[in-house]
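# Architecture and fold: a report
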Amino acid sequence: MSKALNIQDFFKMFPDDDACLEHLFHTRYGESPACERCGVIGDFKRLKNLPAYTCNCGHHIHPMAGTPFERSRTPLQKWYYAMFLFTTTRNGVSAKEIQRQLGVTYKCAWRIAHKIREYMGWVDGDGPLGGPGRKPVEADKAFIGGRDKRGEDDKAVVLGVVERGGEAVTRVIPNRRAITVENAIFEVVNPGASIATDEAWAFARLSEYGFRHGTVNHAAGEYVRDNIHTNNIEAFWLWFKKTVEGTHVWVSQKHLPNYLGEYEFRFNLRKQGHLMFPILLQSFPRG
């Protein structure tokens, strides 16, 4: 698929719940799955009164089990359409917009959006970045949420790392202490990587751990020195914060990791936006 789907393409592919269930069944179990009970291949038929398939021996397969749609009474086509909306907008989709588009309650819309964000984060994964022979990575902390009361440190602390020309990984961390930031970096950056940061004291010891560490002094107005800068990770944070402000207004610290996972997925496929929806459609856990 070389171009993004439009809404007409979507409804041609998935005109009803049955088409969505058939797609989900074949994606997770293959075109001709073997029955776990009797071993017969390709003998499954759709049950009339349940969103499931049955073999002649009576063994059932429930395609929605183990997916974001499990135990949901919302029509499957509405779930698929919500995923389509999530992948065809640059700045995300609010629960209120899902409510308006799908004609469901706000509680239902919020759950759908939450599950899709969780799924997008799972699909994206958190592969380690950088390392010998690879491009430099940039690391920076961001402070998100809270009421920003004077004298109160109530914002969530998030570490973001971007490999230049590549992917981003984020981590919500409990505090801004150096040991906390360092441990988060150890999780997401390969040993021996080149890392560019600002001069925050939380990054000061990275060279002691085998990283090739360079800094820029933002306080002195320095933003680029040779190949050392943090422009990519700062652009990621700017985009994320403006999107939250414009689309969601505010996000809770409890659910912040899911919002970050969604935007990691979106950022990491920024050069192949037409693949976002197909990747989600093909990534359901195999049965």
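This text goes with the structure placed above it.
First, a word on scope: everything that follows refers to the structure included in this document. (Residues numbered from 1 in each chain as written. Predicted model: local features only at pLDDT ≥ 70, side-chain atom pairs only at ≥ 80, totals over all residues. Heavy atoms only, no water.)

### Here we look at helix α5 (residues 106–124)
The condition that has to hold: The helix count covers DSSP runs of H or I at least four residues long, the strand count covers runs of E at least two residues long, and both are numbered beginning at the N terminus. Any helix carries an expected span of 1.5 Å times its number of residues minus one. Under the scheme applied here, a residue whose accessible area is under 20% of the maximum for its type counts as buried, over 50% as exposed, and between as partly exposed, the area being computed with a 1.4 Å probe on protein chains only. Contacts between residues were defined by any pair of non-hydrogen atoms, one from each residue, lying within 4.5 Å.
A rise of 1.5 Å per residue sets the reference length of α5, with its 19 residues, at 27 Å; its end C-alpha atoms lie 27 Å apart and thus fit the reference within 8%. Considered for burial, the residues of α5 that qualify are C108, A109, I112, A113, H114, I116, R117, Y119, M120 and D124. The elements touched by buried residues of α5 are α3 (76–87), α4 (95–102), β6 (168–173), α7 (231–248), α8 (256–268) and α9 (276–282). G125 occupies a position one or two residues after α5 and carries a positive phi of about 75°.

### Quick look at the pattern of salt bridges
Our working rule: Criterion for a salt bridge: a side-chain nitrogen of Lys or Arg within 4 Å of a carboxyl oxygen of Asp or Glu.
Enumeration over the complete set of coordinates arrives at 12 salt bridges. As a salt-bridge pair, R117 and E262 come within 2.8 Å of each other at their nearest N and O atoms. One end of the pair, R117, is in helix α5; the other, E262, is in helix α8, with 145 residues separating them in the sequence. With relative accessibility at 4%, the residue R117 sits in the buried group. Note that R164 and E138 form a salt bridge whose closest N and O atoms lie 2.7 Å from each other. Taken together, the positions of R164 in the loop between β5 (156–163) and β6 and E138 in strand β4 (residues 137–144) put the pair 26 residues apart, joining distant regions of the chain. It is possible to trace a salt-bridge network through shared partners that takes in R117, E262 and R266.

### A word on the packing of aromatic side chains
The description of two aromatic rings rests on the distance between their centres and on the angle between their planes. Our working rule: Stacked, tilted and edge-to-face pairs are distinguished by plane angle, under 30 degrees for stacked and over 60 for edge-to-face with tilted covering the rest, among Phe, Tyr and Trp rings (Trp via its six-membered ring) whose centres lie within 6.5 Å. Our definition puts a charge over a ring when NZ of Lys or CZ of Arg is within 6 Å of the ring centre and also within 35 degrees of the ring normal.
Overall, the coordinates contain 26 aromatic pairs when judged by the stated rule. Consider the rings of F14 and Y80, whose centres lie 4.9 Å apart with planes at 70°: the pair is edge-to-face. Here F14 is found in the loop between α1 (7–13) and α2 (17–29), whereas its partner Y80 is found in helix α3, with 66 residues between them in sequence. We note that F14, like Y80, is buried. We note R266 situated over the ring of Y263; from NZ or CZ to the ring centre the distance is 5.1 Å. Looking at R270, its charged tip hangs above the ring of F267, at a distance of 4.0 Å from the centre.

### Focus: the packing of α4 against α5
Spelled out, the test is: Helix axes are fitted only over the stretch in contact, all axes being lines through C-alpha atoms; the angle between N-to-C directions runs from 0 to 180 degrees. Any angle from 65 to 115 degrees is called roughly perpendicular, while one under 35 is roughly parallel, one over 145 is roughly antiparallel, and all others are oblique. Each helix crossing is assigned a hand: it is left-handed if the near helix lies turned anticlockwise from the far helix by less than a right angle, otherwise right-handed if that turn is clockwise. When residues are sorted by character, Ala, Val, Leu, Ile, Met, Phe, Trp, Tyr, Cys and Pro go into the nonpolar class, Asp, Glu, Lys and Arg into the charged class, and all the rest, Gly among them, into the polar class.
Two elements in contact, α4 and α5, have axes whose closest approach is 8 Å; the angle formed by their N-to-C orientations is 115°. Relative to α5, α4 is oriented roughly perpendicular. Crossing of α4 over α5 shows right-handed handedness. Of the residues in α5, those in contact with A95, K96, I98, Q99 and L102 of α4 are Y106, A109, W110 and I112. Residues belonging to the contact of α4 with α5 are distributed by class as follows: seven nonpolar, one polar and one charged.

### Comments concerning the nonpolar core
Put simply, the test is: The term nonpolar core refers to a set of buried residues drawn from Ala, Val, Leu, Ile, Met, Phe, Trp, Tyr and Cys, joined through side-chain atoms within 4.5 Å.
Within the largest apolar cluster, 41 residues are counted, with the highest numbers of intra-cluster contacts made by F69, L76, Y80, M83 and I98. Mapped by element, the contributors of at least two residues to this core are α2, α3, α4, α5 and α9. Broken down by element, the residue count for this core peaks at nine residues, all from α3. Not counting chain neighbours up to four residues away, the residues in contact with I98 comprise A82, L85, F86, V93, G103, V104, A109 and I112.

What is shown is where atoms sit, not what they do.
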